[in-house]
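Summary of the model geometry
Here are the chains, one letter per residue:
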Amino acid sequence: MEGSDKFTMYRSPLVSRYASKEMAYNFSDKKKFTAWRRLWIYLAKAEKALGLPISDAQIVEMESHADDIDFAMAAEEERRLRHDVMAHVRTFAHCCPTAAPIIHLGATSCYVGDNTDLTTLRDGFDILLPKLARVIDRLANFAEKYADLPTLGFTHYQPAQLTTVGKHACLWLQDLAMDLRNLQRARKDLRCRGVKGTIATQASFLQLFQGDHDKVEELDRLVTEMAGFKKSYLVTGQTYSREVDVDSLSTLAILGATFHKICTDIRLLANLKEIEEPFEKEQIGSSAMPYKRNPMRAERCCSLARHLVALLADPLQTASVQWLERTLDDSANRRISLPESFLTADIILSTLQNITEGLVVYPKVIERRICQELPFMATLCV
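Calculation criteria
- Residues numbered from 1 in each chain as written.
- Predicted model: local features only at pLDDT ≥ 70, side-chain atom pairs only at ≥ 80, totals over all residues.
- Heavy atoms only, no water.
- Helix = DSSP H or I, 4+ residues; strand = E, 2+ residues; numbered from the N terminus.
- Buried < 20%, exposed > 50% of the residue type's maximum accessible area, 1.4 Å probe, protein only.
- Contact = heavy atoms within 4.5 Å.
- Areas by Shrake-Rupley, 256 points an atom, 1.4 Å probe, with all protein chains shown as cover.
- Lys, Arg positive; Asp, Glu negative; His and termini not counted.
- Charge placed at Lys NZ, Arg CZ, Asp CG, Glu CD.
- Axes fitted to C-alpha atoms, helices over the stretch in contact; angles between N-to-C directions.
- Parallel < 35°, antiparallel > 145°, perpendicular 65-115°, else oblique.
- Left-handed = near helix turned anticlockwise from the far one by under 90°.
- Salt bridge = Lys/Arg side-chain N within 4 Å of Asp/Glu carboxyl O.

**Quick notes on the overall build of the protein chain**
Along the backbone of the protein chain there are 15 helices and 4 strands. The principal-axis extents of the C-alpha atoms in the protein chain amount to approximately 85 × 55 × 35 Å. Within the protein chain, buried positions represent 48% of all 382 residues. For the protein chain, the share of sequence-separated contacts (at least 6 apart) that also reach a separation of at least 24 residues comes to 78%. Summed over its atoms, the accessible surface of the protein chain is roughly 19,800 Å², and 55% of this surface lies on carbon and sulfur atoms. Across the protein chain, the mean location of the 48 positive side-chain charges is 4 Å away from that of the 50 negative side-chain charges.

Shown next, in the form of structure tokens:
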């Protein structure tokens with residue numbers, strides 16, 4: 001999209017306004033279709049190693065064109081064929097005429113589609129985990145710095161008893177530590193779909209290898225290894241189980257709930273003028289009331305966190321309606337729900353890092369409020 005054209009079409013604000021470059025690239029067409037080509041290369045290499053008549057020249061030809069995708073040609077092919085995978089098979093074959101007969105040999109569309117999705121989920125977690133760890137580190141530093149600063153604790157958002165500012169932050173930290181554990185576990189549990197054939201009976205590969213089961217199992221193992229996974233799913237339909245998407249996105253939805261709680265607390269404390277997010281020198285709090293210091297970063301996090309939590313409904317419903325070996329009504333939904341969940345979590349983590357690195361505490365305001373409430377706390381029954 002060039003020039004002013006980009007202003008005449010809807011663009012997702014997740015990418016145009018907020019997303020990090022690494023997460024936006026993770027779900028880009030360039031990465032997706034390059035991954036497809038690399039999966040075709042892995043398949044050809046493994047099939048050759050196991051005795052199929054595939055030449056070194058064919059593999060070299062494929063490798064030399066792994067990155068130079070003619071997107072215009074692919075789009076035209078898809079418009080004509082109404083099939084995205086075959087459009088890209090033909091586009092790849094156009095620049096690899098020698099390798100054309102063996103591209104996608106024995107495979108189904110889900111070989112490239114699902115294995116790429118699993119790689120993208122894995123790489124998405126690898127982008128999120130260091131960012132989450134940084135937020136935990138910044139917040140831990142804040143908690144340690146203010147571990148001994150007395151402040152009012154609240155229940156029902158009513159003054160209760162004394163706690164410390166550091167203890168406030170420890171409540172947030174504990175939730176984030178559980179989220180870190182959840183994301184690490186979900187990332188570790190991801191497997192490759194591997195090489196399973198049309199409805200995952202591996203029949204097409206058994207035919208290619210003349211009924212040699214051992215070679216088919218070794219083919220699956222070799223491709224899984226080349227794709228960067230330690231294991232593949234033992235049982236799939238035409239697709240990997242869509243409960244895998246539920247598992248991945250549920251960890252992000254729970255993280256979204258944590259984000260919302262933390263940033264709501266910060267917004268409440270900002271109203272009390274006890275703690276506030278960083279405020280830039282030339283930042284404007286309100287167009288009509290420039291003296292205001294609106295907690296706009298925390299508000300943005302809460303706004304996006306609601307979207308992140310709501311997105312979990314998509315994979316739950318998708319997993320529930322996959323008929324037998326699969327149905328294609330998962331496709332359009334997953335094109336939206338998977339990237340948006342990771343993009344949204346990524347954006348919030350970047351914003352929350354900015355907040356936690358610059359939280360401002362006002363001890364005198366906190367002290368004054370404690371003094372106002374002390375007479376009431378002194379009436380506690382003994």
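**What to know about the side chain of Thr-236**
Residue placement: Thr-236 occurs in the loop between helix 10 (213–226) and helix 11 (243–271). When near neighbours in sequence (up to four residues on either side) are disregarded, Thr-236 contacts Arg-193, Lys-196, Ile-199 and Ala-200.

**Observations concerning the packing of helix 7 (residues 109–145) against helix 8 (residues 165–189)**
Contact pair helix 7 / helix 8: the axes reach a minimum separation of 9 Å and the direction vectors enclose 160 degrees. Taken as axis vectors, helix 7 and helix 8 run roughly antiparallel relative to one another. Here helix 7 runs over helix 8; the crossing is left-handed.

**Some details on the environment of Phe-125**
Within the fold, Phe-125 resides in helix 7. Here Phe-125 falls in the buried class, since its relative accessible area comes to 0%. Between the C-alpha atoms of Phe-125 and Leu-252, which are 127 residues apart in sequence, the distance is 9.7 Å.

**Regarding the pattern of salt bridges**
Within the structure shown, the criterion is met by 28 salt bridges. Residue Glu-63 pairs with Lys-45 through a salt bridge whose shortest N-O separation is 2.7 Å. Residue Glu-63 is located in helix 4 (residues 56–64), and its partner Lys-45 is located in helix 3 (residues 29–49); the two are separated by 18 residues in the primary sequence. Given the relative accessible area of 32%, Lys-45 is considered partly exposed. For Glu-274, the salt bridge is made with Arg-369, and the minimal N-O distance between the two is 3.1 Å. Of the two residues, Glu-274 is situated in the loop between helix 11 and strand 3 (275–276) and Arg-369 in helix 15 (residues 363–377); the sequence distance between them amounts to 95 residues. Linked by salt bridges that have partners in common, Asp-114, Arg-242, Arg-326 and Asp-330 make up one network.

Honestly, it's all geometry; don't read function into it.
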